[in-house]
Structures are given as C-alpha cells and as structure tokens.
Amino acid sequence: GLKSGPIRTASPTTRASSSSASSMDPDFKPAVIFFDCDDCLYKNDWKVANMLTHKIESFCGERLQMKEGYAYELYKKWGTCLRGMQQEGILTCPETLEEYLEYS
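Residues numbered from 1 in each chain as written. Predicted model: local features only at pLDDT ≥ 70, side-chain atom pairs only at ≥ 80, totals over all residues. Heavy atoms only, no water.

Q: Just give me the short version of the nonpolar core, but keep the residues and values in it.
A: Formed by Phe-59, Cys-60, Leu-64, Met-66, Ala-71, Leu-74, Cys-81, Met-85, Leu-91 and Tyr-100, the largest nonpolar core amounts to ten residues. For this core, the secondary structure elements donating two or more residues are helix 3 (47-64), helix 4 (70-78) and helix 5 (81-87). The element best represented in this core is helix 3, accounting for three residues. Apart from residues no more than four positions distant in its own chain, Phe-59 is found in contact with Leu-64, Thr-96, Glu-99, Tyr-100 and Tyr-103. (Core = buried A, V, L, I, M, F, W, Y, C linked by side-chain atoms within 4.5 Å. Buried < 20%, exposed > 50% of the residue type's maximum accessible area, 1.4 Å probe, protein only. Helix = DSSP H or I, 4+ residues; strand = E, 2+ residues; numbered from the N terminus. Contact = heavy atoms within 4.5 Å.)

Q: Residue-level account of the packing of helix 3 against helix 4, with values.
A: Packing of helix 3 against helix 4 brings their axes to within 8 Å, and their N-to-C directions diverge by 120°. Between helix 3 and helix 4, the angle falls in the class oblique. Of the residues in helix 4, those in contact with Ile-56, Glu-57 and Cys-60 of helix 3 are Tyr-70, Ala-71 and Tyr-72. For the contact of helix 3 with helix 4, a count of residues per class yields five nonpolar, no polar and one charged. (Axes fitted to C-alpha atoms, helices over the stretch in contact; angles between N-to-C directions. Parallel < 35°, antiparallel > 145°, perpendicular 65-115°, else oblique. Nonpolar A, V, L, I, M, F, W, Y, C, P; charged D, E, K, R; others polar.)

Q: Could you give me a rundown of the packing of helix 3 against helix 6 (residues 94-103), with the residues and numbers involved?
A: At a minimum axis distance of 10 Å, the contact between helix 3 and helix 6 shows a crossing angle of 145°. In terms of crossing hand, the pair formed by helix 3 and helix 6 is right-handed. Residues Lys-55, Ile-56, Ser-58, Phe-59, Cys-60, Glu-62, Arg-63 and Leu-64 of helix 3 form the contact with helix 6, whose own contacting residues are Thr-96, Glu-99, Tyr-100 and Tyr-103. Taken together, the residues that form the contact of helix 3 with helix 6 break down as six nonpolar, two polar and four charged. (Left-handed = near helix turned anticlockwise from the far one by under 90°.)

Q: Which residues make up helix 3, and what values do they have?
A: Over its 18 residues, helix 3 runs 25 Å from end to end, which matches the ideal 26 Å to within 8%, given 1.5 Å per residue. Those residues of helix 3 not exposed but buried are Val-48, Ala-49, Met-51, Leu-52, Lys-55, Glu-57, Ser-58, Phe-59, Cys-60 and Leu-64. The elements touched by buried residues of helix 3 are helix 4, helix 5 and helix 6. Trailing helix 3 by a residue or two, Gln-65 shows a phi angle of about 55°, which is positive. (Expected span 1.5 Å × (residues − 1).)

Q: Could you give me a rundown of unusual backbone geometry, with the residues and numbers involved?
A: If a residue is not glycine, its phi is most likely negative; likewise, a peptide bond is most likely trans. The phi angle at Gln-65 is positive, at roughly 55°, despite the residue not being glycine. Classification of Gln-65 by relative accessible area gives exposed; the value is 61%.

Q: An account of the packing of aromatic side chains is needed here, citing residue identities and associated values.
A: Enumeration according to the criterion identifies three aromatic pairs in this entry. Between Phe-59 and Tyr-103, the ring centres sit 5.4 Å apart and the planes meet at 45°, which makes this aromatic pair tilted. Here the residue Phe-59 occupies a position in helix 3, and Tyr-103 occupies one in helix 6, the gap between them amounting to 44 residues. For Phe-59, a relative accessible area of 2% gives the class buried. Here Tyr-103 falls in the partly exposed class, since its relative accessible area comes to 31%. Here the aromatic rings of Tyr-72 and Tyr-75 are separated by 5.5 Å at their centres, their planes lie at 25°, and the arrangement is stacked. A residue pair is termed a helical-turn pair when its members lie 3 or 4 positions apart in one helix, as Tyr-72 and Tyr-75 do in helix 4 at three residues. (Phe/Tyr/Trp six-rings, centres within 6.5 Å; stacked < 30°, edge-to-face > 60°.)

Take a look at the structure:
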C-alpha cells in the first residue's frame, strides 16, 4: 500500500539552493520522484493527488494564513496553486517560494 511521510524534492531549484549535505552531493538519488501530468498517473483512487493537495492546503493555511480551501480555488482558477499565488501577488518573496517548493 501507499505509505505517507515526508517527501523530498529533487527539483533543480531545490538542489541548487539547499544547504542540506545530501542534496548537494552530486551522487544524491531521491527515493521517489513524482511526475505531475495533470493527475493522469495517479491510478490509486487519487491517494497521491489527495496527499499532495493536503500538503499544499496545509502550507497555505499555516504559513500564508489562507482560508481553508483557497489553495484549491487557486488551482482551479490558474491550473496550479503556485501559479495562482504568483498571479494574484500572494507569493512574491523568493524565500517563501523556496519554502513552498520544499514543503509541498
């Protein structure tokens, strides 16, 4: 079955700026990589998509004080919550962007 837990990202942005020793290692290989293809790869009753949605909602509510469900509204309006936050001027600080990418 699917196990829930921390997700490490290995995006070029994260790898280039992270101070973590393991992510700076050129031989670093992530245990899991998720490819987002408009949810077409999530063939497990949406468990992964729901987990990612929950992580994004959690960050937006706790860190950015968004009302519950607003992150999903941004997703529906802009295609991704991240794009919506950028377009609506919610996420303008590079440090907060990096934190969002690492958390989500």
